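Overview (structure and organization)
Next come the chains, spelled out residue by residue.
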Amino acid sequence: QAELVQSGGGSVQAGESLRVSCVASGITDSIYRMGWYRQAPRGRRDVVASITMDGKTNYADSVKGRFIIAMDNTKTTVYLQMNSLKPEDTAVYYCSADYYGTLRMSWGQGTVVTVSS
């Protein structure tokens with residue numbers, strides 16, 4: 001499986017923007033989808049957005065129209081551009097990778113995003 005290393009995130013005011021990035025290394029050929037999840041304090045880890053290797057995207061209703069997921073040409077780096085951030089977007093954001101032929105997933109180390117009102 002691939003190793004996922006995240007960068008970006010931080011603290012912003014409501015209405016501002018942030019971008020988080022995730023680089024996959026190692027065995028990446030069997031990845032069919034990458035995505036972003038988030039987990040708020042005392043909450044569960046929920047999917048935010050995902051993108052397949054052929055470019056199909058999917059978003060949680062709560063972020064549609066505000067967040068954009070994108071992948072670079074090498075298909076080993078995925079970005080999440082977060083615009084018009086709200087305090088309820090505050091969470092630890094995790095990069096994920098799904099693989100062909102298995103239910104196992106890889107996870108990034110997590111990145112804290114804090115949005116203050």
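Throughout what follows, the structure given in this document is the object of discussion. Keep in mind it's a predicted model, so treat the numbers as computed, not measured.

So, on to the overall build of the protein. When its secondary structure is counted, the protein shows zero helices and eleven strands. Listed by position from the N terminus, the elements making up the protein come as β-β-β-β-β-β-β-β-β-β-β. Taking 13 Å as the expected radius of gyration for a compact globule of 117 residues, we find that the protein reaches 14 Å, a close match to that expectation. Along the three orthogonal principal directions, the C-alpha set of the protein runs to about 40 × 25 × 25 Å. In the protein, the share of contacts with a sequence separation of at least 24, taken over all contacts with a separation of at least 6, comes to 53%. The protein carries 12 positive and 10 negative side-chain charges, and their two centres are separated by 4 Å.

Overall, the coordinates contain one disulfide when judged by the stated rule. Cysteine 22 shares a disulfide with cysteine 95; S-S distance 2.0 Å. Between cysteine 22 and cysteine 95, the S-S dihedral sits near -80°, and the bridge is therefore left-handed. Placement of cysteine 22 in strand 3 (residues 18–26) and of cysteine 95 in strand 9 (residues 91–99) is noted, with a sequence separation of 73 residues between them. Judged on exposure class, the residue cysteine 22 and its partner cysteine 95 are both buried.

Turning our attention to the pattern of salt bridges. In total, this model carries five salt bridges according to the counting rule given. Between aspartate 89 and arginine 38 there is a salt bridge, with its nearest N and O atoms 2.9 Å apart. On the criterion of sequence distance, the pair formed by aspartate 89 in the loop between strand 8 (77–82) and strand 9 and arginine 38 in strand 4 (residues 31–39) is long-range, its members being 51 residues apart. Each member of the pair aspartate 89 and arginine 38 is classed as buried. As a salt-bridge pair, arginine 44 and aspartate 46 come within 2.7 Å of each other at their nearest N and O atoms. Since its relative accessible area comes to 66%, arginine 44 is described here as exposed. We classify aspartate 46 as partly exposed; its relative accessible area is 32%. Overlapping salt bridges bring together Arg38, Arg66 and Asp89 as one network.

How each quantity is defined
- Residues numbered from 1 in each chain as written.
- Predicted model: local features only at pLDDT ≥ 70, side-chain atom pairs only at ≥ 80, totals over all residues.
- Heavy atoms only, no water.
- Helix = DSSP H or I, 4+ residues; strand = E, 2+ residues; numbered from the N terminus.
- Rg over C-alpha atoms; globule rule 2.2 N^0.38 Å.
- Contact = heavy atoms within 4.5 Å.
- Lys, Arg positive; Asp, Glu negative; His and termini not counted.
- Charge placed at Lys NZ, Arg CZ, Asp CG, Glu CD.
- Disulfide = S-S within 2.5 Å.
- Buried < 20%, exposed > 50% of the residue type's maximum accessible area, 1.4 Å probe, protein only.
- Salt bridge = Lys/Arg side-chain N within 4 Å of Asp/Glu carboxyl O.

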